[in-house]
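Observations on chain architecture
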Amino acid sequence: MDRNLLQSTLAESGEPAYRADQVWRWVAGGAAGYEEMTNLPAALRERLAVEVPFSTLTVAAEAKADDGTVKTLFNTADGRPLEAVLMRYRDGRRSVCVSSQSGCPLTCTFCATGQMQFGRNLSADEILDQALHFRRVEAIDHVVFMGMGEPTMNVDNVLAACARLPDVGVSNRRTAISTVGWVPGIDRLAECELPVALALSLHAPNDGLRSQLMPVNDRYPLAEVLAACRRYIERRRRKVFVEYVMLDGVNDHPEHARELARLLDPRAYKVNLIPYNPTGAYDGSPPEAIERFRAILAEQRITATVRLTRGREIAAACGQLAASAA
Ligand code: SAH
């Protein structure tokens, strides 16, 4: 919901200031529309229904996978596409993967979003409306900024959205921001007052290979990225999650695992090996190669888990739905 529009509409209607909070509490609690807001005068509910759209986003397409994953393609009011995914886990966890930008200015070669045109940064309200869309279906308890876009390049809006997520049921400790290693963004997260978790998309253990996969590495090479992570770790006293997408014959050799282990302090990092969601550019590593890679890291005392693949048949990887609708 566009909270500025809400506030100005309430002010024009001569409503007391607390009305905005009343509306937000209903919205954050998963209300489906103004008609549910029984502590608001009926005439006001009708006026809001006409003047303040309930969401800044409209649903353009939705896909459901057998494992319960739901992926939604939205459009902003000015027609920009973005997507969000609800992941349901057997232990009851409900995690929403949100986008921070429509498209992405970076051009990681394995990522579907990187292949589409960059649109613009999303507002805090547009980010929250993704989580709220799923909150209206069921309670949610985790949010990850692993949808479209680079959250640290839109850090003010991302943090403004994070500040409101606890109202929606998601504490900041259960909110993770994933970055390609945008150094000023990592520093902002280290200094901000919200205890959000940091995930780093590393994907390669040396500059040569990393620059090939992620051109942003030319701007912020590995040593600088890891130095920024060290500052985050020291300041927050928290581990950083390293994401490493497993590409067959590209970054999955045993030597890559050993090189990665030399880069990371086992007390400060946890590695998440990500089975590749094919987008055409590469083949995913076979499960044996992923397991071998994990075992080498474990020998070096680095905790590594293999990410559970969710929603594969609905192309739930970053940017894939928008790419197929375009
Ligand atoms: N720009 C941020 C957040 C968005 S992507 C970042 O790069 O961290 C979230 C994660 O999904 C990143 O680790 C990204 O590298 C990974 N990813 C992108 N495309 C993928 C694909 N096709 N299969 C598996 N993981 C992918």
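Structure first, text after, so check above.
What this report covers is the structure whose coordinates are included nearby. (Residues numbered from 1 in each chain as written. Predicted model: local features only at pLDDT ≥ 70, side-chain atom pairs only at ≥ 80, totals over all residues. Heavy atoms only, no water.)

With six of its seven residues buried, strand 10 (residues 240-246) lies for the most part within the structure. Bridge count for strand 9 (residues 197-201) against strand 10 is three bridges, and the pairing is parallel. Bridging from a neighbouring strand, Leu200 pairs with Val242 of strand 10. Pairing of strand 10 with strand 11 (residues 269-275) involves seven bridges; the strand directions are parallel. Among the inter-strand pairings, Val242 is bridged to a residue of strand 11, identified as Val271. (Buried < 20%, exposed > 50% of the residue type's maximum accessible area, 1.4 Å probe, protein only. Helix = DSSP H or I, 4+ residues; strand = E, 2+ residues; numbered from the N terminus. Pairing = 2+ DSSP bridges.)

Our next topic: the site of the ligand. Near the ligand, the surroundings consist of 22 residues, among which Glu150, Ser178, Ser201, His203 and Asn277 are the closest. One of the side-chain nitrogen or oxygen atoms of Glu150 is found 2.9 Å away from a nitrogen atom of the ligand. Protein contact buries 94% of the 530 Å² of open area that the ligand shows by itself. For the shell around the ligand, the secondary structure elements donating two or more residues are strand 8 (175-179), strand 10 and strand 11. Here the shell around the ligand is composed, by residue class, of twelve nonpolar, eight polar and two charged. (Near = heavy atom within 4 Å. Polar contact = N/O pair within 3.5 Å; in protein donor to acceptor, adjacent residues only side chain to side chain. Areas by Shrake-Rupley, 256 points an atom, 1.4 Å probe, with all protein chains shown as cover. Nonpolar A, V, L, I, M, F, W, Y, C, P; charged D, E, K, R; others polar.)

This paragraph deals with the environment of Arg219. Along the chain, Arg219 turns up in helix 8 (residues 216-219). Sequence separation between Arg219 and Ala124 is 95 residues; the distance between their C-alpha atoms is 27 Å. Among all residues touching Arg219, those that are not within four sequence positions of it are Trp182 and Glu224. (Contact = heavy atoms within 4.5 Å.)

A separate point is helix 9 (residues 222-236). Every α-helix winds through 3.6 residues per turn, so residues three or four apart in the chain are directed the same way. Along its 15 residues, helix 9 runs 21 Å from first to last C-alpha, staying within 8% of the 21 Å computed at 1.5 Å per residue. Among the residues of helix 9, Leu222, Val225, Leu226, Ala228, Cys229, Tyr232, Ile233 and Arg236 are the ones counted as buried. On an axial view of helix 9, the arc spanned by its buried residues comes to 155°, and they lie on one face. Within helix 9, the exposed residues directed more than 90 degrees away from the buried face are Ala223, Glu234 and Arg235. After helix 9 finishes, the residue Arg237 shows a positive phi value of roughly 55°. (Expected span 1.5 Å × (residues − 1). Arc of directions from axis to C-beta.)

With that settled, the discussion passes to the packing of helix 1 (residues 3-12) against helix 2 (residues 18-28). One can describe the packing of helix 1 onto helix 2 by two numbers: an axis separation of 9 Å at closest approach and a directional angle of 135°. If you check the angle between helix 1 and helix 2, you find them oblique. For the crossing formed where helix 1 meets helix 2, the hand is right-handed. Where helix 1 abuts helix 2, its residues Arg3, Leu6, Gln7 and Leu10 lie against Arg19, Ala20, Val23 and Trp24. Per-class residue counts for the contact of helix 1 with helix 2 are five nonpolar, one polar and two charged. (Axes fitted to C-alpha atoms, helices over the stretch in contact; angles between N-to-C directions. Parallel < 35°, antiparallel > 145°, perpendicular 65-115°, else oblique. Left-handed = near helix turned anticlockwise from the far one by under 90°.)

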